[in-house]
Amino acid sequence: MGADCEDAVKQLSLLMEQVEAPLKRSFQNVHQGYPKETMMRFLKAREWNVSKAHKMIVDSLNWRIQNEIDTVLERPIVPVDLYRSIRDSQLVGLSGYTKEGLPVFAIGVGHSTYDKASVHYYVQSHIQINEYRDRIILPRLSQQFGRPVTNCIKVLDMTGLKLSALSQIKMLTSISTVDDLNYPEKTETYYVVNVPYIFSACWKVVKPLLQERTKKKVKVLSGCGRDELLKIMDYSSLPHFCRREGSGSSKHSSSDVDNCFSLDHPFHKELYGHIKEQASHKELIKMGSLHVSIPEPDPNDAKIVEVIEAEFQKMGEQDGSANGHNE
């Protein structure tokens, strides 16, 4: 880390010492004993501008307090059947770890439908996975390796991506805005696999709009990406949809225990068990979903969403006219 970066961390550290006590308490939940690494993430997200990074952290801590994020791991989504239907329609899970010890999160972008519960439940579930990663998994790995492990990698499966996904743009924008503003720089690399034409067309128009830092993080792999991913992780950590070429849907696999999206997978059993246990220490379990206020997206991100919507619409019109000629 260069002298300028060290200086920026020191300046931000001094500013953070001056914040009010409730924000300091919330910040401890965020940094988990690694304040320097946490401040560096926010500084990176704001191009090392100290005042902008400070505002970003303070805004994020206020958001945490206003939306009770520090106690989100005490709020189980009940009944379990509702949680199972969320897991079946919001496809995400921890498949394993890289050889360097980073958690590997798999996301079934193409087959996620987000149609079994309200937006609030999906956002709550997403935040719970983030918080469990940051407060349980990463500290455990840091202790295991004797060094700070503060981020992860994500493998995005585009199998099944269709034009109808446009209806989910609002949901996906809400989730990505929560991540961008409150969990910045938590993903080291995004590996995109099983890419259909629709993704390639969108990527072509979106890529030039992304910051250089973000562009470098996205790696589009050929096919299911197995051979490339095996360079950084063992076979046992590969998401189920990367295990064999042409394995098709990421939604179903031969065994629910292998399918890291399923509630029967060890990761989700552990996560849900932890939340239920935390809740059991409370006298009153709050029922219903957590209504999290979604921050306004960055103007550049809003522009990207507009471009994706326009591209989807254009492809839809082309499909329509092609079908018209066929009839």
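Residues numbered from 1 in each chain as written. Predicted model: local features only at pLDDT ≥ 70, side-chain atom pairs only at ≥ 80, totals over all residues. Heavy atoms only, no water.

Looking at an unreviewed UniProt entry, one finds the protein chain named CRAL-TRIO domain-containing protein, with Urochloa decumbens as its source organism.

Draft legend 1. Representation of the packing of helix α2 (residues 21–31) against helix α3 (residues 35–45) within the structure. Orientation of α2 relative to α3, taken along the N-to-C sense of each, is 90°, at an axis distance of 9 Å. It follows from the interaxial angle that α2 and α3 lie roughly perpendicular. Two secondary-structure elements touch here, α2 through F27, V30 and H31 and α3 through P35, T38, M39 and R41. Of the residues contributing to the contact of α2 with α3, the split by class is four nonpolar, two polar and one charged. (Axes fitted to C-alpha atoms, helices over the stretch in contact; angles between N-to-C directions. Helix = DSSP H or I, 4+ residues; strand = E, 2+ residues; numbered from the N terminus. Parallel < 35°, antiparallel > 145°, perpendicular 65-115°, else oblique. Contact = heavy atoms within 4.5 Å. Nonpolar A, V, L, I, M, F, W, Y, C, P; charged D, E, K, R; others polar.)

Draft legend 2. Just the packing of aromatic side chains, in detail. Scanning all chains against the criterion turns up six aromatic pairs. Three or more aromatic residues joined by ring pairs form one cluster here, namely F105, Y132 and F267. Here the basic side chain of R147 rests over the ring of F145, its NZ or CZ set 5.0 Å away from the ring centre. (Phe/Tyr/Trp six-rings, centres within 6.5 Å; stacked < 30°, edge-to-face > 60°. Lys NZ or Arg CZ within 6 Å of the ring centre and 35° of its normal.)

Draft legend 3. Spatial organisation of the pattern of salt bridges. One pass over the structure, following the stated rule, counts 17 salt bridges. The partner of K36 in a salt bridge is E6, and the shortest N-O contact between them spans 3.9 Å. Here K36 is found in helix α3, whereas its partner E6 is found in helix α1 (residues 3–17), with 30 residues between them in sequence. Residue class for E6 comes out partly exposed when judged on its relative accessible area of 30%. Here R64 makes a salt bridge to E131, at a shortest N to O gap of 2.9 Å. A residue pair is termed long-range when its members are at least 10 positions apart, and R64 in helix α4 (residues 50–66) and E131 in helix α6 (residues 119–145) qualify at 67 residues. In terms of burial, R64 and E131 fall into one category: buried. Bridged by salt links that share partners, the residues E47, E185, R213 and K217 form one connected network. (Salt bridge = Lys/Arg side-chain N within 4 Å of Asp/Glu carboxyl O. Buried < 20%, exposed > 50% of the residue type's maximum accessible area, 1.4 Å probe, protein only.)

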